[in-house]
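Chain residues, written in single-letter form:
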Amino acid sequence: MKITADTNVLVRALTGDHAQQSKAAQTALKKAELVVLAIPALCELVWVLSQGYKIPPRDIAEAIRRLMNGANVVVNRPAAEAGLALLDAGGDFADGIITYEGNWLARIPLSRSTKKL
């Protein structure tokens, strides 16, 4: 079985907050022939873990790295690493990814204010 992991599956697998669903999510991720970690799902995951579960950024970064390093996992590694680098530096994971994509697509930096546009 090949799966693209939804944010809900990732949250359940990482938090263990619901015994039955968490075990099912962990089993699905382990048994899958291939697990795709989509960048939008990782952005949502970071937001849910930081805002909903109040998990510190360093713990979130460690969890994402563990996911990414799974033998059966594929992910846009350069984009995810850009997000992790900014998260590690005290910034926002999604902003790191947005900056990476802007640079990758057109060498354009991140604009965070409409006043600059």
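Residues numbered from 1 in each chain as written. Predicted model: local features only at pLDDT ≥ 70, side-chain atom pairs only at ≥ 80, totals over all residues. Heavy atoms only, no water.

Q: Give me the nonpolar core: which residues, what numbers.
A: Counting 29 residues, the largest nonpolar core has L10, L37 and L42 as its most contacted members. Of all the elements in the fold, those that place two or more residues in this core are α1 (7-15), α2 (19-31), β2 (34-37), α3 (39-52), α4 (57-68), β3 (73-75), α5 (77-88) and α6 (93-106). Top contributing element to this core by residue count: α3, with six residues. With sequence-adjacent residues up to four places away left out, L42 is seen in contact with L10, L37, V75, A80 and F93. (Core = buried A, V, L, I, M, F, W, Y, C linked by side-chain atoms within 4.5 Å. Buried < 20%, exposed > 50% of the residue type's maximum accessible area, 1.4 Å probe, protein only. Helix = DSSP H or I, 4+ residues; strand = E, 2+ residues; numbered from the N terminus. Contact = heavy atoms within 4.5 Å.)

Q: Any chance you could break down the side chain of T7 for me, citing the residues and the numbers?
A: Along the polypeptide, T7 turns up in helix α1. Beyond its immediate stretch of four places on either side in the chain, T7 contacts A41, E44 and L45.

Q: Give me the packing of α4 against α5: which residues, what numbers.
A: Axis separation between α4 and α5 bottoms out at 10 Å; the angle between their running directions is 160 degrees. Considering their axes alone, α4 and α5 lie roughly antiparallel with respect to each other. For the element pair α4 and α5, the recorded crossing hand is left-handed. Two secondary-structure elements touch here, α4 through P57, I60, A61, I64, R65 and M68 and α5 through R77, A80, E81, L84, L87 and D88. (Axes fitted to C-alpha atoms, helices over the stretch in contact; angles between N-to-C directions. Parallel < 35°, antiparallel > 145°, perpendicular 65-115°, else oblique. Left-handed = near helix turned anticlockwise from the far one by under 90°.)

Q: An account of the pattern of salt bridges is needed here, citing residue identities and associated values.
A: Pairing is possible between side chains of opposite charge, provided their charged atoms come close. Taken as a whole and judged by the stated rule, the model has four salt bridges. Residues R12 and D17 are paired through a salt bridge, measuring 3.1 Å at the closest nitrogen-oxygen approach. D17 sits in the partly exposed class, given a relative accessible area of 38%. Put simply, R65 and D88 hold a salt bridge, and the shortest N to O gap is 2.6 Å. Taken together, the positions of R65 in helix α4 and D88 in helix α5 put the pair 23 residues apart, joining distant regions of the chain. (Salt bridge = Lys/Arg side-chain N within 4 Å of Asp/Glu carboxyl O.)

Q: Please provide a residue-by-residue account of α4, values included.
A: The terminal C-alpha atoms of α4 lie 16 Å apart, and with 12 residues this matches the ideal 16 Å at 1.5 Å per residue to within 8%. By the burial criterion, the buried members of α4 are I60, A61, A63, I64, L67 and M68. In an axial view of α4, the angular spread of the buried residues amounts to 160 degrees, which keeps them on one side of the axis. The exposed residues of α4 that point more than 90 degrees off its buried face are R58 and R66. (Expected span 1.5 Å × (residues − 1). Arc of directions from axis to C-beta.)

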